[in-house]
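# Understanding the architecture of this molecule
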Amino acid sequence: MQIHESIVDQSRLMARGFPGIAVGIGDLAQVVHDSSNQVVNSVERASHDITKGIAGLCASFDMGMANIVTQFELQRKEINQGFLQLSSILENSRKVEAKERYLDGKTEYEKYLKFPDEMQFLHDALEYLQKSVEIYKGNPFSHFYLGHIYHEPTELHNLEKAFEHYKLCATYAKGIENKGLTGLGYFYAGWIAYVQKDTKTAIELSETALQFDDLNPENYYNLAKFYAVERNVEKSLGYLDVAIRQFDPNYSLKASLDPDFKQIEPYLTKFFDALRDEEAKNLETRLRNFGV
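Residues numbered from 1 in each chain as written. Predicted model: local features only at pLDDT ≥ 70, side-chain atom pairs only at ≥ 80, totals over all residues. Heavy atoms only, no water.

## Structural notes on the overall build of the protein
A count of helical and extended segments in the protein gives 14 helices and zero strands. For the protein, the N- to C-terminal ordering of α and β elements is α-α-α-α-α-α-α-α-α-α-α-α-α-α. Put simply, the protein has 292 residues, and 41% of those count as buried. In the protein, 61% of the contacts between residues at least 6 apart in sequence involve partners at least 24 apart. Carbon together with sulfur atoms contributes 55% to the accessible area of the protein, which is approximately 16600 Å² in total. (Helix = DSSP H or I, 4+ residues; strand = E, 2+ residues; numbered from the N terminus. Buried < 20%, exposed > 50% of the residue type's maximum accessible area, 1.4 Å probe, protein only. Contact = heavy atoms within 4.5 Å. Areas by Shrake-Rupley, 256 points an atom, 1.4 Å probe, with all protein chains shown as cover.)

Here it is in structure tokens:
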């Protein structure tokens, strides 16, 4: 009964205080509501961008997130159609087994992405995918996932094997006329070559990737980066210009923070100055048209 009376007294005190804070709570609720809407809108935009893969993220893309982003990339219509086409090839009993092992490996790899602390999923994915290519090595999707597994910064990390499988992915994807996957294979192979300090091969493979997929903004940026390392100013700024103008102005910020562009820094500064002056003139023209 004492506890009950204490609670009643406390409730009365709180009730007397409510009118005084009602207005404050109402104002706070409005602020929270507005902030929540902003957060929801931001999350929705981010979700929409990532589901579009590399092209959706543009300058926000980082090679460290490749394993997750390419899960969405593989859902692109033209790439997915390539797997449906491949399925019709895998009809005899042995090839059906290769397809099943590929699907097992893909599933285990997706589990690893969900639970990256569970290395067993990555080991299982590797085992299934290796079995798949032992039975039928012409499945580019198997090689693509194997490239990712060896690219991961884990105990399985092996850049030579990652490079080999990305190249095989591109080769076999070309064989089934899947341009999207072919471009991805060459794109990642080019990146691995760059990491291994073979810039000339990186450029060659990235240029080839463009022939099959010219809508990958990060490939243009990588080529600008690779040519900067080679001190080829014209090529570097040419590709950077495409990345900025056709895809995302934030590539200018990304390049300004990238140490590889230090090789051509004086030319890069002039390039940015020219872009700034051009945008200033465009803005002035638009304002004048509006009578401002």
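## A short note on the packing of aromatic side chains
With the rule as written, the count across this model stands at 19 aromatic pairs. Ring geometry for Y102 and F141: centres 6.3 Å apart, planes at 55°, overall tilted. Taken together, the residues Y102 in helix α5 (residues 93-114) and F141 in helix α7 (residues 140-151) connect sequence positions 39 residues apart. Just as Y102 is buried, F141 falls in that class too. Here the aromatic residues Y102, Y109, Y112, F141, F144, Y145, Y166, F187 and Y188 are joined through ring pairs into a cluster of three or more. (Phe/Tyr/Trp six-rings, centres within 6.5 Å; stacked < 30°, edge-to-face > 60°.)

## Digging into helix α10 (residues 199-212)
If you check α10, its first and last C-alpha atoms are 20 Å apart, about what 14 residues at 1.5 Å a residue would give, namely 20 Å. Among the residues of α10, those classed as buried are T199, A202, I203, L205, S206, T208, A209 and L210. Elements that come into contact with the buried residues of α10 comprise α8 (159-175), α9 (179-195), α11 (217-229) and α12 (233-247). (Expected span 1.5 Å × (residues − 1).)

Taken by themselves, the reported measurements are silent on function.
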